[in-house]
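An overview of the molecular structure
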Amino acid sequence: MKRSISILGATGSVGEQTLDLVRRNAESWKVTALTANSNVAELARAAREFRADIAVVADERYLGDLRDALAGSGIEAAAGRAALCEAASRPVDITMAAIVGCAGLGPVMAAIEQGGTIALANKEALVSAGEVMTAAVAKHGATLLPVDSEHNAIFQCLQGGEIGDVRSITLTASGGPLRMIEDLSAVTPEQAIAHPNWDMGAKISVDSATMFNKGLELIEAHHLFPLKLDRIRIVVHPQSVIHSLVEYRDGSTLAQLGPSDMRVPIASCLAWPARMDTPMEPLDLPAIGEMTFFAPDEVRFPATRLAREAAEAGGAAPAVLNAANEIAVAAFLDRKIAFSRIAVLVENVLNQNDLPDAPRTLEEVLRVDEDARRRATRILEPV
Ligand code: NAD
Ligand code: MG
């Protein structure tokens, strides 16, 4: 029998790699909804190829273009945030949540409220919503499967024992393209985006360069796996062969290894709890030759420290950290601020002494997010 899938953020790096796997097993899948922000041409092309029921573009200005591009196909066209959530709430066997940023939170929550299975790539949504999301997952009997390669690795290694027997988990970090660069203030967007091991969207590539990606992943891990923050470690592993590790109380450490290709963790979610074929070459350890490990340098890259502090503070802090980082990354990509100011801006916003209270509902999370974006923008563009 065919399984149904909706892909939120279908035109992005994770979305396209998901479609690649669906294409290779086309007879096994029925595509329900595909969404994008503004890339109508690619969205319509994919919707036609995969005979989706509905295609949604988040930016309402593109509704006319999307209708034109889908004319005669019988595929529904819709636009705007409400349409995005409506499409995400259509029942499917699995939802791939691959929108970037807190913009994906509403649709993810809409899918969770259906009690479905959600393959979560959109870490910013979980970082911002935290317990609001995990409580909704529990309330509606939904299942979150981690797509992020580190969390997917930990999820797989946790099959090897009881969570109560886990001593620690270790997230590996490539260290990004700037680990060896001395003067971080002069780094250009092109340098920051050129990731040595992974081919990803612009925002997460900058996050990898600042190490905010690992900071967000620390908070993500804290919500996905019931472990105290002091049991979650980070180690720099430039080859990105080991995707993460779980240490049990008997001294056994389990690791998941594989190529730096997101189709591996995506396939693990799509087939879960079974396995499926992917076009990966077998792991060639002699060709890899060496694996090295370093402690993160939190003086040059303060992001993981800031994330740990925000997670310890709890309340609104993780959502504030995420929102300020989103504004800072956009400003850096627009060449408005230097690379080294990203972390400074995030820290400045986090240090404001009148931050909002802990959000308890989706609406409150979205208000905290909005508020923190305004605070960050005000620092960038003082009136
Ligand atoms: P991307 O920029 O390549 O794609 C983002 C997708 O989201 C696109 O389809 C875009 O149209 C859509 N989108 C962007 N802004 C939107 C908005 N305001 N409203 C609705 N839709 C919007 O990003 P990506 O690299 O595929 O990453 C997606 C998510 O997966 C991120 O949260 C990222 O951290 C996470 N992730 C990505 C990778 C990777 O290898 N790319 C690995 C791990 C986790
Ligand atoms: Mg990751």
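In the annotation of an unreviewed UniProt entry, the entry for the protein reads 1-deoxy-D-xylulose 5-phosphate reductoisomerase, and the organism field reads Erythrobacter aureus. Per UniProt, the protein carries the Sequence similarities (unreviewed entry) text "Belongs to the DXR family." The Pathway (unreviewed entry) comment attached to the protein in UniProt states, word for word, "Isoprenoid biosynthesis; isopentenyl diphosphate biosynthesis via DXP pathway; isopentenyl diphosphate from 1-deoxy-D-xylulose 5-phosphate: step 1/6."

**Overview of helix α12 (residues 263–271)**
Burial in α12 covers these residues: P265, I266, A267, S268, C269 and L270. Elements in contact with the buried residues of α12: α1 (13–24), β5 (94–97), β6 (117–120), β7 (143–146) and α8 (149–157).

**Brief notes about the pairing of strand β4 (residues 76–79)**
Residues A77 and A79 line the buried face of β4, whereas the alternating positions E76 and A78 sit on a face that is not buried. Relative to β4, strand β3 (residues 54–57) runs parallel, the two sharing 4 bridges. By the bridge assignment, I54 is partnered in β4 with E76. In this fold, the crossover linking β3 to β4 by way of helix α3 (residues 63–70) has right-handed handedness.

**Re the UniProt feature "binding site: NADPH" (unreviewed entry) in the protein**
According to UniProt, the feature "binding site: NADPH" (unreviewed entry) maps to T11, G12, S13, V14, N39, N122, E124 and G201 in the numbering used here. With respect to the helices and strands, the residue V14 is situated in helix α1. Judged by the 28 C-beta atoms lying within 10 Å of it, V14 is buried. When near neighbours in sequence (up to four residues on either side) are disregarded, V14 contacts G9, A98, A121, V147, M262 and I266. When residues no more than four places from it in sequence are discounted, the contact partners of E124 are G101, C102, G104, L216 and N322.

Cut-offs used in this document
- Residues numbered from 1 in each chain as written.
- Chains lettered and ligands numbered in written order.
- Predicted model: local features only at pLDDT ≥ 70, side-chain atom pairs only at ≥ 80, totals over all residues.
- UniProt positions renumbered as here; feature names shortened; annotations may be inferred.
- Buried ≥ 20, exposed ≤ 12 C-beta atoms within 10 Å, placed from the backbone.
- Helix = DSSP H or I, 4+ residues; strand = E, 2+ residues; numbered from the N terminus.
- Contact = placed C-beta atoms within 7 Å.
- Pairing = 2+ DSSP bridges.
- Right-handed = clockwise from strand over helix to strand, strands pointing away.

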